[in-house]
Amino acid sequence: MSEHQWNAVESYFAPLLAPHDEVLGAALRASDAAGLPPIAVSPTEGKLLHLLAQTQGARRILELGTLGGYSTIWLGRALPADGRLISLEADVAHAEVARANLDRAGLSGVAEVRVGPALDSLAALAADGAEPFDLVFIDADKPNNPHYLEWALRLTRPGSLIVCDNVVRGGKVADPANPEPAVRGIRRCLEMMAEHPKLSATAIQTVGSKGYDGFALARVVA
């Protein structure tokens, strides 16, 4: 199966199941114009996040890695009127683009972008006594994934979902000798998901316009 075939299937799925949305399209165009890396989730992946949040009945969502706010919009649209989404972004310029995109989407009253190293922002949330989150989407720097998972466990409750993106890395994750910090961070995160008594988890491989990758999904069970 070739990359051409992957893209052909995605070109069929996306318009059918996640059709063009001008607000989402504008968010991608604004991100491109600002020079942000083109690494936002695909439309079908965004729709999956949206459906997971809706199925979960999420009222509070935490996102690690805002970029231009594309996935933030998908998640924010799944919230009820009194819901809350907090997205953590390390880059000031990225956060500015995301805030403008969220404002255009009518979500500025629901979604908040906090700027700074995610580990610092997570510690601040815990120190402030943040209410548990119903869904956590981890899509930030991969070497820190084990630490992000630890914080996600502290900031959730039984029944919450934790989604960790980009866990396949083109298949590199299967190589225990791979020295790349991103791969090592992902492997340790997956091992923690497998071993932790409070989690039940799985991982799925994906192909498409974003190449060969995948995500992990964990439910907090205790």
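Calculation criteria
Residues numbered from 1 in each chain as written. Predicted model: local features only at pLDDT ≥ 70, side-chain atom pairs only at ≥ 80, totals over all residues. Heavy atoms only, no water. Phe/Tyr/Trp six-rings, centres within 6.5 Å; stacked < 30°, edge-to-face > 60°. Lys NZ or Arg CZ within 6 Å of the ring centre and 35° of its normal. Core = buried A, V, L, I, M, F, W, Y, C linked by side-chain atoms within 4.5 Å. Buried < 20%, exposed > 50% of the residue type's maximum accessible area, 1.4 Å probe, protein only. Helix = DSSP H or I, 4+ residues; strand = E, 2+ residues; numbered from the N terminus. Contact = heavy atoms within 4.5 Å. 1 Å grid on protein atoms, 1.4 Å probe; cavity = no way out; pocket = protein on both sides within 12 Å on 5 of 7 lines; lining within 4 Å. Points joined across faces, edges and corners; volume = space filled by probe spheres on them. Nonpolar A, V, L, I, M, F, W, Y, C, P; charged D, E, K, R; others polar. Pairing = 2+ DSSP bridges. Axes fitted to C-alpha atoms, helices over the stretch in contact; angles between N-to-C directions. Parallel < 35°, antiparallel > 145°, perpendicular 65-115°, else oblique. Left-handed = near helix turned anticlockwise from the far one by under 90°. Right-handed = clockwise from strand over helix to strand, strands pointing away.

Chemist: Explain the packing of aromatic side chains to me, using residue names and the numbers behind them.
Modeler: Inspection of every chain in the model, using the stated rule, returns 1 aromatic pair. A centroid spacing of 5.8 Å and a plane angle of 40° characterise the contact between Tyr12 and Phe13, whose relative ring orientation is tilted. Positioned above the aromatic ring of Phe133, the side-chain terminus of Arg60 is 4.4 Å from the ring centre.

Chemist: Give me the nonpolar core: which residues, what numbers.
Modeler: Of all hydrophobic cores here, the largest spans 33 residues; its most connected members are Ala53, Ile61, Ile73, Leu75, Leu135 and Phe137. For this core, the secondary-structure elements that each account for two or more residues are α2 (22-33), α3 (43-56), α4 (70-76), α5 (92-104), β3 (111-115), β4 (133-138) and β5 (156-165). Setting aside anything within four residues of it in sequence, one finds Leu135 in contact with Leu52, Ala53, Arg60, Ile61, Leu62, Leu75 and Leu161.

Chemist: I'd love a proper account of helix α7 (residues 145-154), names of residues and values included.
Modeler: Burial runs high along α7: 7 of the 10 residues are buried. Buried within α7 we find Asn145, Pro146, Tyr148, Leu149, Trp151, Ala152 and Leu153.

Chemist: Tell me about the layout of surface pockets, and please be specific about residues and values.
Modeler: The space that makes up the largest pocket amounts to roughly 730 Å³. Sorting the residues of the lining of the largest pocket by element identifies α2, α3, α4, β2 (84-89), α6 (118-127) and β7 (213-220) as the ones contributing at least two each. By residue number, the principal contributor to the lining of the largest pocket is α2, which donates 3 residues. Along the lines of polarity and charge, the residues of the lining of the largest pocket split into 18 nonpolar, 13 polar and 9 charged. Approximately 400 Å³ is the volume found for the second largest pocket.

Chemist: Would you mind going over the pairing of strand β6 (residues 199-206) in detail, with residue names and values included?
Modeler: Pairing analysis gives 8 bridges linking β6 to β7, with the strands arranged antiparallel. By the bridge assignment, Thr206 is partnered in β7 with Asp213. Between β6 and β7, which follow one another and run antiparallel, lie 6 residues, and Gly208 among them has a positive phi close to 155°.

Chemist: An account of empty space enclosed by the protein is requested, with residue identities and associated values reported.
Modeler: Applying the stated rule across the entire model yields 1 cavity of 30 Å³ or more. There is about 90 Å³ of room inside the largest cavity. Val41, Glu45, Leu48, Leu49, Leu52, Phe137, Val163, Asp165 and Phe215 together form the lining of the largest cavity. Among the elements that make up the lining of the largest cavity, the one with the highest residue count is α3 (4 residues). A per-class count over the lining of the largest cavity returns 7 nonpolar, no polar and 2 charged.

Chemist: Mind laying out the packing of α2 against α5, listing which residues take part and the relevant values?
Modeler: Contact geometry of α2 with α5 gives a least axis separation of 10 Å together with a crossing angle of 160°. In terms of their interaxial angle, α2 and α5 are classed as roughly antiparallel. Helix-helix and strand crossings are classified by hand; for α2 and α5 the assignment is right-handed. Across the interface between the two elements, Val23, Ala26, Ala27, Ala30 and Ser31 from α2 touch Val97, Asn101 and Arg104 from α5.

Chemist: Tell me about the pairing of strand β1 (residues 60-64), and name the residues and values.
Modeler: Of all the 5 residues making up β1, 5 are buried; the element is thus mostly covered by neighbouring parts of the structure. Burial along β1 is two-sided: Arg60, Leu62 and Leu64 and Ile61 and Glu63, pointing in opposite directions, are all buried. Here 5 bridges tie β1 to β2, and the two strands are oriented parallel to one another. Note that in β2 the partner of Glu63 across the bridge is Ser87. What joins β1 to β2 is α4, and the crossover it makes is right-handed. Examined bridge by bridge, β1 and β4 share 4 bridges and lie parallel to one another. Each residue of the ladder has a partner; that of Ile61, found in β4, is Leu135.

Chemist: Break down unusual backbone geometry for me, with residues and values.
Modeler: Even without a glycine there, the phi angle at Leu67 is positive, about 55°. Its place among the elements puts Leu67 in the loop between β1 and α4. Within the chain, Asn166 stands out as a residue other than glycine whose phi angle is a positive 60°. The class of Asn166 is buried, set by a relative accessible area of 18%.

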